[in-house]
Structures are given as C-alpha cells and as structure tokens.
Amino acid sequence: MKKILLGILLVLMHCFQSVSVYADGPENIRNDYIRAYFVSLAAASCLGVYTPDNSSEFSYLRDYGWQIIPYREINEVIESNFAVAHNYFEDVDKEIYLVIFRGSVTKKD
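Keep in mind that this is a model prediction, so the values were computed, not measured.

Chemist: An account of the packing of aromatic side chains is requested, with residue identities and associated values reported.
Modeler: By convention here, two paired aromatic rings are described through the distance between centres and the angle between planes. Under the counting rule described, the total for this entry stands at 8 aromatic pairs. Centre to centre, the rings of Y37 and F38 are 5.3 Å apart; their planes meet at 85°, and the pair counts as edge-to-face. Of the residues examined, Y37 reaches a relative accessible area of 25% and is grouped as partly exposed. We classify F38 as partly exposed; its relative accessible area is 33%. Centroid distance Y60 to Y64: 5.0 Å. Interplanar angle 50°. Geometry classified as tilted. Classification of Y64 as exposed rests on a relative accessible area of 55%. Among the aromatic residues, those joined into a ring-pair cluster are Y33, Y37, F38, W66 and F89.

Written out as structure tokens, the structure reads:
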C-alpha cells in the first residue's frame, strides 16, 4: 500500500510541477533562454580565445554585435593571453562585458 501511495504522490507532484512551469509562462521561457544564451556565449568565448584572430567562434560572436579585443602580454616571467568582449543589449538597456582568460602552453601564466 505504501508503494502505491508513494507512486501516486510522485505522479501528482510531477503533474503539479509541470502545471506551475507552464503557469509562469513567458517569464520562465525568457529566463531559460537568457541562461542558455550565456552558457553558449561562455562556451564560444572559451574556445575562441585560443585563436582569437581567426576563430570561427569569435567570428560568430562578432556577427551578433560582440566587439572582441584579444590581448597577449609576455615578459621573461609571465605570459598572459586574454580577451575583452562587450555588446549592448537593447532589451535590458545594458552594456555587457566579458573578460576571457586562457592558459599558456609554456605554463608561465
């Protein structure tokens, strides 16, 4: 009997959770979209920073308005490779900036 009640409870919980997600509607969908966008942006940035001058990831981001400036600083002790990217988002009226770092082959970073 406990197993049956537990099964019914799990099914009801799943149904109510599904209803609450759809009841929130567009706001939940918008938040999910924004989260997915920034996860994709982070992935593309991490890949693009390894070859910033000719990476397809940075080309893709530039097509969508991102301005990306790669930097490489080297002295006898430290090697640093990074990029600064920014884009303006009209829907939130904000300028978003990213600083993207990568490691170096020489391990001097």
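Once the structure has been displayed, the description carries forward.
Chemist: Just give me the short version of the layout of surface pockets, but keep the residues and values in it.
Modeler: Computed from the structure, the largest pocket encloses a volume of approximately 210 Å³. For the lining of the largest pocket, the element with the highest residue contribution is helix 2 (residues 26-48), accounting for 5 residues. In terms of residue class, the lining of the largest pocket is built from 7 nonpolar, no polar and 2 charged.

Chemist: Tell me about the nonpolar core, residues and numbers included.
Modeler: Core analysis: the largest hydrophobic core is formed by 11 residues, namely L41, A44, V49, F58, L61, W66, I68, A83, A85, F89 and I100. Secondary structure elements with two or more residues in this core: helix 2, helix 3 (56-63) and strand 2 (79-89). Top contributing element to this core by residue count: strand 2, with 3 residues. Discounting residues that sit within four places of it in the chain, L61 has contacts with L41, A44, S45, W66 and I68.

Chemist: Hey, could you go over the pairing of strand 3 (residues 94-102) for me, with residue numbers and the actual values?
Modeler: The sheet contact formed by strand 2 and strand 3 spans 9 bridges and is antiparallel. Bridge assignment links Y88 to a residue of strand 3, and that residue is E95. With antiparallel pairing between neighbouring strands as the criterion, strand 2 and strand 3 make up a hairpin whose turn holds 4 residues, including D93 at a positive phi of roughly 55°.

Chemist: So what's going on with the side chain of N87? Residues and values would help.
Modeler: Within the secondary structure, N87 sits in strand 2. Within polar-contact distance, the side chain of N87 engages the backbone oxygen of Y64 at 3.1 Å. Beyond its immediate chain neighbours, meaning those up to four positions away, N87 contacts Y64, G65, W66, K94, E95 and I96.

Chemist: Mind laying out the packing of helix 2 against helix 3, listing which residues take part and the relevant values?
Modeler: Close contact between helix 2 and helix 3 brings their axes to 7 Å; oriented N to C, the two are set at 135°. Compared by their axis directions, helix 2 and helix 3 come out oblique. On the side of helix 2, the interface is formed by L41, A44, S45, L47 and G48, while helix 3 contributes E57, F58 and L61. Per-class residue counts for the contact of helix 2 with helix 3 are 5 nonpolar, 2 polar and 1 charged.

Analysis parameters
In this convention, every chain numbers its residues from 1, walking through the sequence in written order. Reporting in this predicted model follows two pLDDT cut-offs: at least 70 for local features of residues, and 80 or more for side-chain atom pairs to be given and counted; totals over whole chains, interfaces and linings ignore these cut-offs and use all residues. For side-chain calculations, the full set of non-hydrogen atoms in the structure is used, while hydrogens and water are omitted. By convention, a stacked pair of Phe, Tyr or Trp rings (six-membered ring in the case of Trp) has centres within 6.5 Å and planes under 30 degrees apart, an edge-to-face pair has planes over 60 apart, and any other such pair is tilted. Think of it in three bands: with a 1.4 Å probe and only protein chains considered, a residue is buried below 20% of the maximum accessible area for its type, exposed above 50%, and partly exposed in between. Think of a 1 Å grid over the protein atoms and nothing else: a 1.4 Å probe that fits but is trapped marks a cavity, an open set flanked by protein within 12 Å on at least five of seven lines marks a pocket, and residues with an atom within 4 Å of a point count as lining. Grid points are joined across faces, edges and corners, and a volume is the space filled by probe spheres set on the points. The secondary structure listing takes helices from DSSP runs of H or I that are at least 4 residues long and strands from runs of E that are at least 2 residues long, numbered from the N terminus. Each residue is assigned to one class: nonpolar for Ala, Val, Leu, Ile, Met, Phe, Trp, Tyr, Cys and Pro, charged for Asp, Glu, Lys and Arg, and polar for all the others, Gly among them. Throughout this description, the term nonpolar core refers to a set of buried Ala, Val, Leu, Ile, Met, Phe, Trp, Tyr and Cys residues connected via side-chain atoms within 4.5 Å. For this analysis, residues touch if any pair of their heavy atoms sits within 4.5 Å. Between any two strands, at least two bridges found by DSSP are needed for them to pair. Identification of polar contacts relies on pairs of N or O atoms within 3.5 Å, with a donor-acceptor requirement for protein atoms, meaning one able to donate a hydrogen and the other able to accept it, and with residues adjacent in sequence counted only if both atoms are side-chain atoms. Axis definition: a line fitted to C-alpha atoms, over the contacting stretch in the case of helices. Angles run 0 to 180 degrees between N-to-C directions. Each angle gets one of four labels, with under 35 degrees taken as roughly parallel, over 145 as roughly antiparallel, 65 to 115 as roughly perpendicular, and the rest as oblique.

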